[in-house]
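Summary of the model geometry
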Amino acid sequence: MGIVLISCNSNSRNEKSDVDIKDSSITNSINVAQVKFDLNGTWGLTDYFDTIVANKELAKYRLQTPTWFGIILDIENDSLKSFGSIENDEYLIESKSDTLTTLTSKVSGDKWFLILKEPELKLTQYPNSKRVDTVVYTFRKRDDLSCFSKENKDFFIIGNNVTDYFNKQLFEGKYINKETNHEMVFGVNGQLIGIDGFESYKVRNYFGTLHMHKNLDVITFKNKKNKEYKQYNWVFSDDELILTEFIYEKITHDGKTYDGDHLILGKEKIKLKKH
(Lines give C-alpha, C1' and ligand atoms only; values in the text may rest on other atoms or scores of the structure.)
Protein backbone atom coordinates (compact mmCIF):
# COMPACT_ATOMS: atom_id res chain seq x y z
CA MET A 1 0.00 0.00 0.00
CA GLY A 2 2.91 2.33 0.88
CA ILE A 3 4.20 1.99 -2.64
CA VAL A 4 0.79 2.82 -4.13
CA LEU A 5 0.36 5.89 -1.95
CA ILE A 6 3.81 7.22 -2.80
CA SER A 7 3.17 6.60 -6.46
CA CYS A 8 -0.17 8.45 -6.41
CA ASN A 9 1.25 11.38 -4.45
CA SER A 10 4.14 11.65 -6.88
CA ASN A 11 1.81 11.69 -9.91
CA SER A 12 -0.33 14.31 -8.23
CA ARG A 13 2.65 16.60 -7.69
CA ASN A 14 3.75 16.17 -11.34
CA GLU A 15 0.29 17.04 -12.63
CA LYS A 16 0.19 20.17 -10.50
CA SER A 17 3.62 21.19 -11.75
CA ASP A 18 2.52 20.77 -15.40
CA VAL A 19 -0.52 22.97 -14.78
CA ASP A 20 1.64 25.63 -13.12
CA ILE A 21 4.03 25.59 -16.10
CA LYS A 22 1.18 25.96 -18.58
CA ASP A 23 -0.38 28.83 -16.58
CA SER A 24 2.99 30.53 -16.34
CA SER A 25 3.51 30.13 -20.09
CA ILE A 26 0.14 31.69 -20.85
CA THR A 27 0.83 34.59 -18.49
CA ASN A 28 4.26 35.21 -20.02
CA SER A 29 2.79 35.18 -23.53
CA ILE A 30 0.23 37.80 -22.50
CA ASN A 31 2.93 39.95 -20.90
CA VAL A 32 5.17 39.71 -23.99
CA ALA A 33 2.27 40.70 -26.24
CA GLN A 34 1.65 43.78 -24.09
CA VAL A 35 5.26 44.97 -24.21
CA LYS A 36 5.55 48.02 -26.48
CA PHE A 37 8.30 48.16 -29.09
CA ASP A 38 11.22 50.13 -27.64
CA LEU A 39 12.18 53.02 -29.90
CA ASN A 40 14.77 54.40 -27.50
CA GLY A 41 18.38 54.06 -28.61
CA THR A 42 20.68 54.75 -31.55
CA TRP A 43 19.60 53.99 -35.11
CA GLY A 44 22.00 53.79 -38.05
CA LEU A 45 21.16 54.39 -41.71
CA THR A 46 21.59 50.95 -43.28
CA ASP A 47 21.87 52.39 -46.80
CA TYR A 48 24.98 54.20 -45.57
CA PHE A 49 26.86 52.08 -43.01
CA ASP A 50 25.94 48.58 -44.19
CA THR A 51 26.02 49.34 -47.91
CA ILE A 52 29.44 50.99 -47.79
CA VAL A 53 30.96 48.07 -45.89
CA ALA A 54 29.31 45.46 -48.13
CA ASN A 55 30.29 47.12 -51.42
CA LYS A 56 33.62 48.60 -50.23
CA GLU A 57 32.80 52.01 -51.71
CA LEU A 58 32.09 55.20 -49.76
CA ALA A 59 31.87 58.35 -51.88
CA LYS A 60 29.18 56.85 -54.10
CA TYR A 61 26.79 56.34 -51.18
CA ARG A 62 27.36 59.67 -49.44
CA LEU A 63 25.39 61.24 -52.35
CA GLN A 64 22.15 59.78 -50.97
CA THR A 65 20.24 62.81 -49.68
CA PRO A 66 19.37 61.32 -46.24
CA THR A 67 23.08 60.97 -45.44
CA TRP A 68 23.28 64.76 -45.34
CA PHE A 69 20.88 65.04 -42.39
CA GLY A 70 20.48 61.60 -40.86
CA ILE A 71 23.10 58.86 -40.89
CA ILE A 72 22.46 58.45 -37.15
CA LEU A 73 19.25 58.98 -35.17
CA ASP A 74 19.13 59.09 -31.37
CA ILE A 75 15.69 58.54 -29.86
CA GLU A 76 14.84 59.13 -26.21
CA ASN A 77 11.15 59.06 -25.27
CA ASP A 78 9.46 61.73 -27.44
CA SER A 79 12.72 63.34 -28.59
CA LEU A 80 14.71 62.53 -31.73
CA LYS A 81 18.14 63.93 -32.62
CA SER A 82 19.46 63.48 -36.14
CA PHE A 83 23.12 63.62 -37.17
CA GLY A 84 24.21 63.84 -40.81
CA SER A 85 27.32 64.63 -42.82
CA ILE A 86 26.27 68.25 -43.26
CA GLU A 87 23.52 69.09 -40.78
CA ASN A 88 22.11 68.07 -37.39
CA ASP A 89 18.63 68.71 -35.98
CA GLU A 90 16.12 67.85 -33.24
CA TYR A 91 12.48 66.73 -33.54
CA LEU A 92 9.52 65.68 -31.44
CA ILE A 93 8.11 62.26 -32.28
CA GLU A 94 4.63 60.77 -31.97
CA SER A 95 5.41 57.33 -30.53
CA LYS A 96 1.73 56.25 -30.63
CA SER A 97 1.63 56.63 -34.42
CA ASP A 98 3.37 54.58 -37.10
CA THR A 99 4.50 57.85 -38.68
CA LEU A 100 6.83 59.09 -35.99
CA THR A 101 7.81 62.49 -37.40
CA THR A 102 8.89 64.44 -40.47
CA LEU A 103 12.60 64.94 -41.06
CA THR A 104 13.64 67.96 -43.08
CA SER A 105 16.85 68.74 -44.94
CA LYS A 106 17.75 72.41 -44.73
CA VAL A 107 20.25 71.91 -47.56
CA SER A 108 17.94 70.33 -50.13
CA GLY A 109 14.62 71.53 -48.72
CA ASP A 110 13.21 68.00 -48.95
CA LYS A 111 10.87 66.51 -46.34
CA TRP A 112 10.72 62.85 -45.34
CA PHE A 113 8.28 60.68 -43.37
CA LEU A 114 9.95 58.57 -40.67
CA ILE A 115 7.80 55.46 -40.28
CA LEU A 116 7.97 52.67 -37.70
CA LYS A 117 7.99 49.25 -39.34
CA GLU A 118 9.16 46.92 -36.56
CA PRO A 119 11.97 46.16 -36.02
CA GLU A 120 13.16 48.92 -38.39
CA LEU A 121 12.44 52.52 -39.23
CA LYS A 122 11.68 53.51 -42.82
CA LEU A 123 12.31 56.89 -44.44
CA THR A 124 10.19 57.89 -47.43
CA GLN A 125 10.14 61.18 -49.27
CA TYR A 126 7.09 63.45 -49.23
CA PRO A 127 4.99 63.11 -52.41
CA ASN A 128 5.36 65.80 -55.07
CA SER A 129 8.86 66.75 -53.96
CA LYS A 130 10.94 68.81 -56.38
CA ARG A 131 13.87 66.39 -56.22
CA VAL A 132 12.18 63.02 -56.56
CA ASP A 133 13.75 60.11 -54.66
CA THR A 134 11.73 56.88 -54.78
CA VAL A 135 14.08 54.90 -52.53
CA VAL A 136 12.69 53.71 -49.19
CA TYR A 137 15.61 54.07 -46.77
CA THR A 138 16.08 51.90 -43.70
CA PHE A 139 17.34 52.55 -40.18
CA ARG A 140 18.12 49.72 -37.77
CA LYS A 141 19.06 49.69 -34.10
CA ARG A 142 22.82 50.09 -33.74
CA ASP A 143 23.97 49.88 -30.13
CA ASP A 144 27.54 49.75 -31.42
CA LEU A 145 27.14 53.30 -32.77
CA SER A 146 25.64 54.81 -29.61
CA CYS A 147 28.98 56.31 -28.53
CA PHE A 148 29.20 58.24 -31.80
CA SER A 149 26.77 60.89 -30.63
CA LYS A 150 26.17 60.35 -26.92
CA GLU A 151 29.68 60.78 -25.61
CA ASN A 152 30.23 63.97 -27.59
CA LYS A 153 27.73 65.58 -29.95
CA ASP A 154 30.28 67.87 -31.60
CA PHE A 155 29.92 67.66 -35.38
CA PHE A 156 33.61 67.04 -35.98
CA ILE A 157 33.85 64.39 -33.26
CA ILE A 158 31.00 62.47 -34.89
CA GLY A 159 32.80 62.78 -38.21
CA ASN A 160 35.99 61.39 -36.67
CA ASN A 161 34.02 58.49 -35.21
CA VAL A 162 32.61 57.70 -38.64
CA THR A 163 36.13 57.79 -40.09
CA ASP A 164 37.42 55.43 -37.40
CA TYR A 165 34.52 53.07 -38.12
CA PHE A 166 35.35 52.83 -41.82
CA ASN A 167 39.09 52.62 -41.12
CA LYS A 168 38.36 49.47 -39.16
CA GLN A 169 35.59 47.98 -41.29
CA LEU A 170 37.23 48.55 -44.68
CA PHE A 171 41.00 48.59 -44.22
CA GLU A 172 42.26 47.19 -40.95
CA GLY A 173 44.56 44.21 -41.51
CA LYS A 174 47.78 43.00 -43.11
CA TYR A 175 48.59 43.30 -46.82
CA ILE A 176 51.42 42.36 -49.17
CA ASN A 177 52.71 44.85 -51.74
CA LYS A 178 52.47 42.84 -54.97
CA GLU A 179 55.41 44.63 -56.56
CA THR A 180 57.90 44.67 -53.65
CA ASN A 181 56.52 41.71 -51.68
CA HIS A 182 56.82 43.84 -48.52
CA GLU A 183 54.19 43.73 -45.80
CA MET A 184 51.96 46.71 -45.14
CA VAL A 185 49.71 46.99 -42.10
CA PHE A 186 46.62 49.14 -41.65
CA GLY A 187 46.56 48.97 -37.87
CA VAL A 188 44.15 49.88 -35.10
CA ASN A 189 43.49 53.54 -34.35
CA GLY A 190 44.71 54.56 -37.81
CA GLN A 191 48.28 53.32 -37.38
CA LEU A 192 50.16 52.61 -40.61
CA ILE A 193 53.20 50.37 -41.00
CA GLY A 194 55.16 49.59 -44.16
CA ILE A 195 54.95 52.84 -46.14
CA ASP A 196 58.15 54.90 -45.93
CA GLY A 197 57.66 58.34 -44.49
CA PHE A 198 54.10 57.80 -43.19
CA GLU A 199 52.79 56.51 -39.88
CA SER A 200 49.01 56.91 -39.97
CA TYR A 201 46.07 56.63 -42.36
CA LYS A 202 42.61 58.14 -42.53
CA VAL A 203 39.67 57.38 -44.82
CA ARG A 204 37.92 60.49 -46.11
CA ASN A 205 34.38 60.49 -44.72
CA TYR A 206 33.09 63.24 -47.05
CA PHE A 207 31.55 65.26 -44.20
CA GLY A 208 30.94 68.94 -44.98
CA THR A 209 30.57 70.55 -48.39
CA LEU A 210 34.14 71.09 -49.63
CA HIS A 211 35.07 68.17 -51.90
CA MET A 212 38.08 68.43 -54.20
CA HIS A 213 38.36 64.78 -55.32
CA LYS A 214 35.50 64.62 -57.85
CA ASN A 215 33.64 62.11 -55.67
CA LEU A 216 36.35 59.46 -55.74
CA ASP A 217 37.20 57.45 -52.62
CA VAL A 218 40.13 58.93 -50.71
CA ILE A 219 42.60 57.67 -48.12
CA THR A 220 45.25 59.95 -46.62
CA PHE A 221 48.66 58.81 -45.37
CA LYS A 222 50.21 61.18 -42.81
CA ASN A 223 53.43 61.87 -40.98
CA LYS A 224 52.58 63.73 -37.78
CA LYS A 225 56.17 64.75 -37.09
CA ASN A 226 56.85 66.69 -40.29
CA LYS A 227 53.14 67.16 -41.16
CA GLU A 228 53.60 65.71 -44.63
CA TYR A 229 50.77 63.74 -46.22
CA LYS A 230 49.81 62.02 -49.44
CA GLN A 231 46.38 61.12 -50.75
CA TYR A 232 45.36 58.07 -52.74
CA ASN A 233 42.21 56.87 -54.41
CA TRP A 234 41.30 53.41 -53.07
CA VAL A 235 39.49 50.66 -54.97
CA PHE A 236 38.88 47.10 -53.80
CA SER A 237 38.86 44.58 -56.65
CA ASP A 238 38.42 40.92 -55.70
CA ASP A 239 41.32 40.22 -53.29
CA GLU A 240 43.25 43.35 -54.28
CA LEU A 241 43.38 46.86 -52.85
CA ILE A 242 44.53 49.30 -55.53
CA LEU A 243 45.83 52.71 -54.43
CA THR A 244 46.29 55.44 -57.05
CA GLU A 245 47.90 58.76 -56.19
CA PHE A 246 46.01 62.03 -56.40
CA ILE A 247 47.64 65.00 -58.12
CA TYR A 248 46.38 68.53 -58.70
CA GLU A 249 44.57 69.13 -61.93
CA LYS A 250 46.56 71.49 -64.16
CA ILE A 251 44.88 74.62 -65.47
CA THR A 252 46.40 76.61 -68.33
CA HIS A 253 45.56 80.31 -68.65
CA ASP A 254 47.29 82.92 -70.83
CA GLY A 255 50.04 80.49 -71.64
CA LYS A 256 50.77 79.72 -67.98
CA THR A 257 49.95 76.48 -66.16
CA TYR A 258 48.65 76.45 -62.58
CA ASP A 259 47.43 73.90 -60.06
CA GLY A 260 43.67 73.84 -60.19
CA ASP A 261 41.23 73.50 -57.28
CA HIS A 262 40.50 69.83 -57.90
CA LEU A 263 42.54 66.64 -57.66
CA ILE A 264 42.69 63.95 -60.31
CA LEU A 265 44.31 60.52 -60.56
CA GLY A 266 48.04 60.36 -61.26
CA LYS A 267 50.22 57.54 -62.54
CA GLU A 268 51.65 56.09 -59.31
CA LYS A 269 49.87 52.94 -58.15
CA ILE A 270 50.27 50.59 -55.19
CA LYS A 271 48.69 47.16 -55.51
CA LEU A 272 48.12 45.28 -52.28
CA LYS A 273 46.84 41.80 -51.51
CA LYS A 274 45.31 41.07 -48.11
CA HIS A 275 46.66 38.12 -46.17
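Residues numbered from 1 in each chain as written. Predicted model: local features only at pLDDT ≥ 70, side-chain atom pairs only at ≥ 80, totals over all residues. Heavy atoms only, no water.

**Observations concerning the pattern of salt bridges**
Oppositely charged side chains can pair when the atoms bearing their charge come close. Taken as a whole, this structure holds 13 salt bridges when the rule is applied. Where Lys 122 meets Glu 120, a salt bridge forms, and the shortest distance between an N and an O atom there is 3.1 Å. On the basis of relative accessible area, Lys 122 is assigned to the buried category, the value being 18%. Of the charged contacts in the structure, one is a salt bridge between Asp 259 and Lys 250, with a shortest N-O distance of 2.5 Å. (Salt bridge = Lys/Arg side-chain N within 4 Å of Asp/Glu carboxyl O. Buried < 20%, exposed > 50% of the residue type's maximum accessible area, 1.4 Å probe, protein only.)

**What about the sheet that holds strand S1 (residues 41-45)?**
Judged by pairing direction, the sheet is antiparallel, and its eight strands sit side by side in the order S4-S3-S2-S1-S8-S7-S6-S5 without closing on themselves. Edge strands, defined here as strands with exactly one partner in the open sheet, are strand S4 (88-92) and strand S5 (99-104). For this sheet, the mean angle separating the axes of adjacent strands, direction not counted, is 25°. Pairing analysis gives three bridges linking S1 to strand S8 (residues 137-141), with the strands arranged antiparallel. Across the sheet, Trp 43 pairs through a bridge with Lys 141, a residue of S8. (Pairing = 2+ DSSP bridges. Helix = DSSP H or I, 4+ residues; strand = E, 2+ residues; numbered from the N terminus. Axes fitted to C-alpha atoms, helices over the stretch in contact; angles between N-to-C directions.)

**Notes on the sheet that holds strand S14 (residues 228-237)**
Spatially, the eight strands line up as an open sheet ordered S11-S10-S9-S16-S15-S14-S13-S12, and their pairing is antiparallel. In this open sheet, the two strands that pair with only one neighbour each are strand S11 (192-193) and strand S12 (200-203).

**As for the environment of Lys 224**
Looking at the secondary structure, you find Lys 224 in the loop between strand S13 (218-223) and S14. With sequence-adjacent residues up to four places away left out, Lys 224 is seen in contact with Glu 199 and Ser 200. (Contact = heavy atoms within 4.5 Å.)

**Structural notes on the pairing of strand S2 (residues 72-76)**
S2 sits mainly inside the fold: four of its five residues count as buried. With four bridges connecting them, S1 and S2 associate as antiparallel partners. Within S2, the residue paired with Trp 43 across the bridge is Leu 73. Across five bridges, the pairing between S2 and strand S3 (residues 79-83) is antiparallel. The partner of Leu 73 across the bridge, within S3, is Ser 82. As consecutive antiparallel partners, S2 and S3 are separated by two residues, and within that stretch Asn 77 has a phi angle of approximately 60°, a positive value.

**What to know about the packing of aromatic side chains**
By the definition in use, this model includes 19 aromatic pairs. Look at Trp 112 and Tyr 137: their rings are 5.8 Å apart centre to centre, the planes differ by 70°, and that puts the pair in the edge-to-face class. With Trp 112 in strand S6 (residues 111-117) and Tyr 137 in strand S8, the pair connects residues that are 25 residues apart, well separated along the chain. Tyr 137 shares its class with Trp 112; the two are buried. Seen in terms of ring centroids, Phe 171 and Trp 234 are 5.1 Å apart; in terms of plane orientation they differ by 80°. Their pairing is edge-to-face. Of this pair, Phe 171 sits in helix H5 (residues 155-171) while Trp 234 is found in strand S14, placing the two residues 63 residues apart along the sequence. Phe 171 gets classed as buried once you look at its relative accessible area, which sits at 0%. One aromatic cluster is present, built from ring pairs that chain together Phe 171, Tyr 175, Phe 186, Phe 198, Tyr 201, Phe 221, Tyr 232, Trp 234 and Phe 236. Here the basic side chain of Arg 142 rests over the ring of Phe 49, its NZ or CZ set 5.8 Å away from the ring centre. Taking the ring centre of Tyr 206 as reference, the NZ or CZ of Arg 204 above it sits at 5.2 Å. (Phe/Tyr/Trp six-rings, centres within 6.5 Å; stacked < 30°, edge-to-face > 60°. Lys NZ or Arg CZ within 6 Å of the ring centre and 35° of its normal.)

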